Amino acid sequence: MYCVQTKKLIQIWLFILIFSTVSCNTKDEFIPLVFNDISEEFKKYTVFDTASRWIYQNDLTLEKDTLSIIWNSSETRYHLLPDGTDEYNYRAINQYFNINGTGIQRTEITAGSQNSTTQTLYENCRLYLSNNRYYTILAPRYPVNEIQLLGFQEGNYMNLPMIEQLTLNGIIYNNVFHTSVKDYQPAPDTLFLEFWFAREVGLVKMSTRNAQGNITWSLLESDVLPSAEF
């Protein structure tokens, strides 16, 4: 009788020990999701303080327009592919602008599928306009002169060769990203857009072209500060 009770007691303690070991191992093996942040280098082209302002000129009409940031926000988002093979958290920053003649309402800057390196910037900058259109306008991770089919809404995106030195309205900008977007609008026709981004300044030039004509906004002067919030 004593042996039977002792055996049962040993079995109970073994069960508790095994259960505790499995629970501890499961807890120790928990790995938090990777968080991809926006690199400081990409921020120099796209993220600025709310005190920043840009004065652009319509190169055809010579009309001037001031663009300023009225609000910045940051959030953490979650990414998961349908097959579950790619899962991570990433930062997204939205910048909201004053009502202006350029049509720019908001930019959305997001981290990529991995953190940037000195060779590749994986972030993305998307532009939202007052006509309810939006486009990816800066995504350096794609090869130069290679068309990216981003869908009906965003059209075809392409990185053009980087401009080492760009002179615009008497000001010299270095290391300028140059990109293009082809927007297949149903009416009136296809729209061709180009964008130029300068380091520590942001968007220095934007042009749109269709059958009705061309519109180019080029930077006359700027007073910009890097954002200290993010």
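Refer to the structure presented above.
Residues numbered from 1 in each chain as written. Predicted model: local features only at pLDDT ≥ 70, side-chain atom pairs only at ≥ 80, totals over all residues. Heavy atoms only, no water.

*Asks:* Where do I start with the packing of aromatic side chains in this structure?
*Replies:* The description of two aromatic rings rests on the distance between their centres and on the angle between their planes. Across all of its chains, the model carries seven aromatic pairs by this definition. A centroid spacing of 4.6 Å and a plane angle of 20° characterise the contact between tryptophan 71 and tyrosine 96, whose relative ring orientation is stacked. Placement of tryptophan 71 in strand E3 (residues 64–80) and of tyrosine 96 in strand E4 (residues 87–97) is noted, with a sequence separation of 25 residues between them. For tyrosine 96, a relative accessible area of 25% corresponds to the partly exposed category. Through successive ring pairs, a cluster of aromatic residues spans Phe48, Trp54 and Phe97. The lysine or arginine in question, lysine 205, covers the ring of tryptophan 196, its NZ or CZ lying 4.7 Å from the ring centre. It is arginine 209 that lies over the ring of phenylalanine 192; its NZ or CZ is 4.6 Å from the centre. (Phe/Tyr/Trp six-rings, centres within 6.5 Å; stacked < 30°, edge-to-face > 60°. Helix = DSSP H or I, 4+ residues; strand = E, 2+ residues; numbered from the N terminus. Buried < 20%, exposed > 50% of the residue type's maximum accessible area, 1.4 Å probe, protein only. Lys NZ or Arg CZ within 6 Å of the ring centre and 35° of its normal.)

*Asks:* How should empty space enclosed by the protein be read in this particular structure?
*Replies:* Overall, the coordinates contain one cavity of 30 Å³ or more when judged by the stated rule. When its volume is computed, the largest cavity comes out at roughly 150 Å³. Elements that contribute at least two residues to the lining of the largest cavity include exactly helix H2 (40–46), strand E2 (53–58), E4, strand E5 (104–110), strand E6 (124–129) and strand E12 (202–210). Among the residues making up the lining of the largest cavity, the classes are represented as twelve nonpolar, four polar and no charged. (1 Å grid on protein atoms, 1.4 Å probe; cavity = no way out; pocket = protein on both sides within 12 Å on 5 of 7 lines; lining within 4 Å. Points joined across faces, edges and corners; volume = space filled by probe spheres on them. Nonpolar A, V, L, I, M, F, W, Y, C, P; charged D, E, K, R; others polar.)

*Asks:* Whenever I open this one, the pairing of E2 confuses me. Can you help?
*Replies:* Residues in a regular strand point their side chains to alternate faces of the sheet. The element E2 is largely enclosed, with a buried count of five among its six residues. Bridge count between E2 and E3: five bridges; the pairing is antiparallel. Bridge pairing links arginine 53 to serine 68 in E3. Count of turn residues in the E2/E3 antiparallel hairpin: five residues, of which leucine 62 carries a positive phi of about 65°. As paired elements, E2 and strand E13 (residues 213–223) share six bridges and run antiparallel to each other. Paired with asparagine 58 across the strands is tryptophan 217, a residue of E13. (Pairing = 2+ DSSP bridges.)

*Asks:* Quick question: what am I supposed to make of the pattern of salt bridges here?
*Replies:* Proximity of charged atoms lets side chains of opposite charge pair with each other. Using the criterion set out here, one finds ten salt bridges in the structure. For glutamate 108, the salt bridge identified is with arginine 126, shortest N-O distance 3.7 Å. Remark: arginine 126 occurs in strand E6 and glutamate 108 occurs in strand E5; sequence separation between them is 18 residues. Assessed through its relative accessible area of 9%, glutamate 108 is described here as buried. What you see here is one network of salt bridges that share partners, running through Glu75, Arg77, Glu108, Arg126 and Glu154. (Salt bridge = Lys/Arg side-chain N within 4 Å of Asp/Glu carboxyl O.)

*Asks:* Looking at this structure, I do not really get the nonpolar core. What am I missing?
*Replies:* A general tendency of soluble globular proteins is for nonpolar side chains to be buried together. In terms of nonpolar packing, the biggest core is built from 44 residues, with Trp54, Ile104, Leu138, Tyr173, Phe195, Phe197 and Val204 touching the most fellow members. Take this core: its biggest share by element is six residues, from strand E11 (residues 191–198). If sequence neighbours within four positions are ignored, valine 204 has contacts with Tyr56, Leu166, Leu168, Tyr173, Trp196, Ala198, Trp217, Ser218 and Leu219. (Core = buried A, V, L, I, M, F, W, Y, C linked by side-chain atoms within 4.5 Å. Contact = heavy atoms within 4.5 Å.)

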